[in-house]
Amino acid sequence: MEGILLIRSSGEIEYANATSSKMVKLHKELFIRCKALTKLACQQKETITDSITLDDKVFIELIVVPQSSSKAYVILQDKSSQRQVVDMGKDFIASASHELRTPITIIKGFAETLQDLKDISSEMLAQITEKIVRNCTRMDTLIKSLLTLADLDNIPKSRFQPCDLVALVESCAHLLHTVSPTTQLEIKKSHDHLMISADPDLLERALMNLLENGVKYSTTPAHLTVSLTSKNGLAQIDIQDQGIGIPASDLPHIFDRFYTVNKAHSRRLGGAGLGLSIVKTIIEKHDGTITASSELGKGTTFALILPKSNR
Ligand code: ADP
């Protein structure tokens, strides 16, 4: 949600929406900057853009649009997530750009084909538009994954709460059943409850990524087993599939960003090799570990170990 302020060049706020009033109350230096820019925009009678970094992590873009000679609208956009993506390493940017460029090239190619073709059958039109839509979806998924990775760098500890792993796994099983009704999922549990401290939404995302991979890399209907155990103050979740397996030479790299065993296969399934790196980052944010073992043609098991909490 964008913040919008209407400020007089004398410095009073004439209007502030909820987002902007929260922002300026929280960060005095932001308000000071807004006032200074308003004065300048009113004097120059033109739109000014600027940016400010607050507390070393919140990156705000400001657009100041004069409304008259004595007041201006200030639009505040929190661009922290996008900024974080930009701040990541050069290799990462290069890989991300490459991955984004592929669907863009495909979309452009097909859009130009549509532009050039005078007579086009409805069948061909349907084929081309299907490809355009599919590649837009792929780009959308990729951008969401990139932003998730960026967001993971600033998860506040306040989002962590007592969480029952057994209940979370059962709710993931439910969710999986709705997206993949043919999948056979068995849950084996040594306890009725296993309490940990977690951000339940993030942990659910990690578990769903693993379960969905289990489905993606199996022939239909997939057979998955989730085992929950506990030992020495640690909770362990094993997610096992009976799918295609992972070659031993690829296994050490599967948690790397953009790593795929078979690029064409992953792309067809809508992936770009970011899923497991997101899972690993989430598990490490929970002070846990994740390892994988696999046998080609037999299946793969991911073992997650997380510290238990007392509550
Ligand atoms: P992708 O988007 O390609 O699925 P991931 O990061 O989720 O990316 O996985 C990285 C690679 O690891 C995949 O390309 C796939 O080859 C392999 N992989 C992940 N999970 C499994 C699995 N359960 N069975 C077989 N291969 C898997």
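Residues numbered from 1 in each chain as written. Predicted model: local features only at pLDDT ≥ 70, side-chain atom pairs only at ≥ 80, totals over all residues. Heavy atoms only, no water.

**Focus: the sheet that holds strand E5 (residues 71-78)**
With antiparallel pairing, the five strands of this open sheet are ordered in space as E2-E1-E5-E4-E3. The open sheet has two edge strands with one neighbour each: strand E2 (13-16) and strand E3 (48-54). Strand-to-strand twist in this sheet, taken as the mean axis angle between neighbours without regard to direction, amounts to 20°. The pairing of strand E4 (residues 58-66) with E5 spans seven bridges and is antiparallel. Bridge assignment links Val 65 to a residue of E5, and that residue is Tyr 73. Most of the contacts of helix H1 (residues 18-26) go to strand E1 (residues 3-8), to which it runs at about 70°, and overall it touches E1, E2, E4 and E5. (Pairing = 2+ DSSP bridges. Helix = DSSP H or I, 4+ residues; strand = E, 2+ residues; numbered from the N terminus. Axes fitted to C-alpha atoms, helices over the stretch in contact; angles between N-to-C directions. Contact = heavy atoms within 4.5 Å.)

**Considering empty space enclosed by the protein**
In this structure the tally under the stated criterion is one cavity of 30 Å³ or more. A volume near 40 Å³ is recorded for the largest cavity. Val 169, Cys 172, Ala 173, Leu 185, Leu 207, Leu 211, Val 226 and Ile 239 are the residues that line the largest cavity. Mapped by element, the contributors of at least two residues to the lining of the largest cavity are helix H6 (165-179) and helix H7 (200-216). When residues of the lining of the largest cavity are assigned to their parent elements, the largest contribution, three residues, is made by H6. Tallied by class, the residues present in the lining of the largest cavity amount to eight nonpolar, no polar and no charged. (1 Å grid on protein atoms, 1.4 Å probe; cavity = no way out; pocket = protein on both sides within 12 Å on 5 of 7 lines; lining within 4 Å. Points joined across faces, edges and corners; volume = space filled by probe spheres on them. Nonpolar A, V, L, I, M, F, W, Y, C, P; charged D, E, K, R; others polar.)

**Thoughts on the packing of helix H5 (residues 122-151) against helix H9 (residues 275-285)**
It is the contact of H5 with H9, at a shortest axis distance of 10 Å, that shows an interaxial angle of 20°. The orientation of H5 relative to H9 falls into the category roughly parallel. The handedness of the crossing between H5 and H9 is left-handed. Contacts from Ser 145, Thr 148 and Leu 149 in H5 reach Ser 277, Ile 278 and Thr 281 in H9. Looking at the contact of H5 with H9 residue by residue, the class counts come to two nonpolar, four polar and no charged. (Parallel < 35°, antiparallel > 145°, perpendicular 65-115°, else oblique. Left-handed = near helix turned anticlockwise from the far one by under 90°.)

**What to know about the nonpolar core**
It is characteristic of soluble globular proteins that their nonpolar side chains tend to be buried jointly. Leu 165, Leu 203 and Ile 237 are the most contacted members of the largest nonpolar core, which has 52 residues in total. Among the elements that line this core, the one with the most residues is H7, at seven residues. Residues contacting Ile 237, with those up to four places away along its chain left out, are Leu 165, Leu 207, Val 226, Ser 227, Leu 228, Phe 302, Ala 303, Leu 304 and Leu 306. With 19 residues, the next largest nonpolar core counts Cys 34, Ala 72, Val 74 and Leu 76 among its residues. (Core = buried A, V, L, I, M, F, W, Y, C linked by side-chain atoms within 4.5 Å. Buried < 20%, exposed > 50% of the residue type's maximum accessible area, 1.4 Å probe, protein only.)

**Section: unusual backbone geometry**
Here the bond from Thr 220 into Pro 221 is cis, since omega is -5°, no more than 30 degrees from zero. Structurally, the position occupied by Pro 221 is in the loop between H7 and strand E9 (223-231). The residue Asp 55 is not glycine, and still its phi comes out positive at about 50°. When you line up the elements, Asp 55 lands in the loop between E3 and E4.

**Some thoughts on the layout of surface pockets**
By volume, the largest pocket is sized at about 970 Å³. As for the largest pocket, its lining consists of 38 residues, of which Asn 213, Lys 216, Tyr 217, Gly 271 and Gly 275 are closest to the centre. Of the residues forming the lining of the largest pocket, the biggest block, seven residues, is contributed by H5. Considering only residue class, the lining of the largest pocket consists of 13 nonpolar, 17 polar and eight charged. Space inside the second largest pocket adds up to approximately 350 Å³. Among the elements of the structure, helix H3 (80-87), H5 and H7 are those that each provide at least two residues to the lining of the second largest pocket. In terms of residue class, the lining of the second largest pocket is built from five nonpolar, four polar and four charged.

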